[in-house]
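Chains, contacts and geometry: an overview
The lines below spell out each chain.
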Amino acid sequence: MPMQKTSIQKPINSDLWQTLWLNVNLATMTDGANSYGIIEQGALAIADGKIAWLGAESDLPAYDINKVTVIDGQGCWLTPGLIDCHTHLVYGGNRANEFELRLQGASYQEIAQAGGGIVSTVAATRTATEKELFDAALPRITALFEQGVSTIEIKSGYGLNTETEVKMLKVAGLLAQALPVTVKRTFLGAHALPVEYKDRADDYIELVCQQMLPEVAKQNLADAVDVFCEGIGFNLQQTEQVFTTAKNLALPIKVHAEQLSNLGGSELAASYQALSADHIEFLDEAGIKAMSAAGTTAVLLPGAFYFLRETQVPPIALLRKHGVAMAIATDANPGSSPIHSLQLMLNMACTLFQLTPVEALAGVTCFGAKALGLSETKGQLALGYDADFALWNISQPAELCYQFGVNPLNTLIINGVTVLNNTNSGELIR
Ligand code: NIG
Ligand code: FE
């Protein structure tokens, strides 16, 4: 799956460079999942938070050593900053008790139908204060950040009333202020049916469309709208009502679909030019063709697959065949994926879904960006792109997927600024 070529940017004159990284190997990820886009013994220059020049060191144009801060990357690898394009990391409480129940034989659906699952997190999230939610979420987002994540999506969906959905999205905004990470917020009011709307799903969807979504849009709290289209979520008709409302508010859509059964939510979402359809273990070829035609990204969530001990593997071969871009994310949440490591997801995407390491890395860089509508600015090392990149202590890109448990991140740069430096390497030359 190649990347769509965007307008070719011109290099920025070296007089305007502020920082220059030398002695690095680049995995540019400009070629989608086809190749790492490797430039060995390369260099990368930054001006005004953007990538101003990149290429082989031997092609470096003349620059004034007195004007540019030059950093020796000591032969490390540079990739785009990682993108976790699907998380639910703002929530109250936890569901370790349900983990125990599932290990004793109860299924995720049975727990949800018995009043546990998402709605139990809703109860804990409604009673939590903004500060409590922020304090609980900070270590989760920090764990991702410390492993090289520069952009993250955070969904609401544990409020299920206007007040708490707004509270969750505001907390996501506060996290964006606390860390230099770029945060994209997604409104997921149609995540589950709250207890006060028992047997009245249509009425709840009315509330989502008439009150919640307009309020969220008015306060500018969301960049996209998501729906859980599933037997234990919402049916196709209810899902479409939310999509129509989102479209009228000019908000792009995403969908949780085909996770536990095949309702056709991905196909419906594709007909609304969805940014992504996520989970998709039970997706069929008709849905895949619709996604391919619409340019909808498939977001694979190996953490939820693993944690729910799912056995139905997403249709990877068909996604490849029809050229659907595949992104990988943590789905960090208390019920189906209490996992806060994109590195572990890279490994699981390869071991559980048989993605190649280059496909997996594309899934957390260029295609993670695509799933968030950020293809033009993030997820690639390319001229004019945001200077979001990670320097890794690895000897080849596949190592990012291969090992787990040792943090290989050396340095993280976001918008051209060094925001994390884990070692003493990356020494300043001047
Ligand atoms: O992406 N599938 C629906 N939503 C979440 C799970 C939420 C939960 O169980 O709390 C998911 O897996
Ligand atoms: Fe999810």
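Below, the structure is looked at part by part.

**Details of the pattern of salt bridges**
Inspection of the entire model under this criterion finds 14 salt bridges. Across the pair E285 and K321 runs a salt bridge whose closest N-O atoms are separated by 3.1 Å. With E285 in helix α9 (residues 285–294) and K321 in helix α11 (residues 316–321), this pair connects stretches of sequence that are 36 residues apart.

**A word on the coordination of the iron ion (ligand 2)**
Around a metal, the perfect tetrahedron of four donors has angles of 109.5 degrees, and the perfect octahedron of six donors has angles of 90 or 180 degrees. Those protein atoms acting as donors to the iron ion (ligand 2) are H86 (NE2), H88 (NE2), H256 (NE2) and D331 (OD), and they sit at 2.0 to 2.3 Å. Mapped onto the polypeptide sequence, the residues donating to the iron ion (ligand 2) form the spacing pattern H-x1-H-x167-H-x74-D. With H88 in the loop between β6 (82–84) and α1 (96–103) and D331 in the loop between β13 (326–328) and α12 (342–353), this pair connects stretches of sequence that are 243 residues apart. Take H88: its relative accessible area is 2%, and that puts it in the buried class.

**Some remarks on the site of ligand 1**
Surveying the vicinity of ligand 1 reveals 15 residues, the closest of which are R95, Y108, Y158, H191 and S336. Q259 has a polar side-chain atom sitting 2.8 Å from a nitrogen atom of ligand 1. The fraction of the free accessible surface of ligand 1 (330 Å²) that becomes covered by protein chains is 100%. Per-class residue counts for the shell around ligand 1 are 4 nonpolar, 9 polar and 2 charged.

**Things to note about the sheet that holds strand β8 (residues 182–190)**
Taken together, 8 strands build an open sheet; the order of strands is β6-β7-β8-β9-β10-β11-β12-β13 and the sheet is parallel. Either end of the sheet is taken by a strand with one partner, and the two such strands are β6 and β13. Averaged over all pairs of adjacent strands, the angle between strand axes in this sheet comes to 25 degrees, irrespective of strand direction. Pairing of strand β9 (residues 224–229) with strand β10 (residues 253–257) involves 5 bridges; the strand directions are parallel. For V227, the partnering residue across the bridge sits in β10 and is V255. Contacting β8 and β9, helix α6 (residues 201–218) crosses the sheet at an angle of about 150 degrees to β8.

**As for helix α3 (residues 118–127)**
The complete set of buried residues in α3 reads I118, V119, T121, V122 and T125. Viewed end-on, α3 has its buried residues packed into an arc of 150 degrees, placing them on one side of the element. Turning to α3, the residues buried within the fold contact α2 (108–113), α4 (130–145), α5 (162–178) and β9.

Criteria and cut-off values
- Residues numbered from 1 in each chain as written.
- Chains lettered and ligands numbered in written order.
- Predicted model: local features only at pLDDT ≥ 70, side-chain atom pairs only at ≥ 80, totals over all residues.
- Heavy atoms only, no water.
- Salt bridge = Lys/Arg side-chain N within 4 Å of Asp/Glu carboxyl O.
- Helix = DSSP H or I, 4+ residues; strand = E, 2+ residues; numbered from the N terminus.
- Donors = N, O, S within 2.8 Å, 3.2 Å for Na, K, Ca; no water.
- Buried < 20%, exposed > 50% of the residue type's maximum accessible area, 1.4 Å probe, protein only.
- Near = heavy atom within 4 Å.
- Polar contact = N/O pair within 3.5 Å; in protein donor to acceptor, adjacent residues only side chain to side chain.
- Areas by Shrake-Rupley, 256 points an atom, 1.4 Å probe, with all protein chains shown as cover.
- Nonpolar A, V, L, I, M, F, W, Y, C, P; charged D, E, K, R; others polar.
- Pairing = 2+ DSSP bridges.
- Axes fitted to C-alpha atoms, helices over the stretch in contact; angles between N-to-C directions.
- Contact = heavy atoms within 4.5 Å.
- Arc of directions from axis to C-beta.

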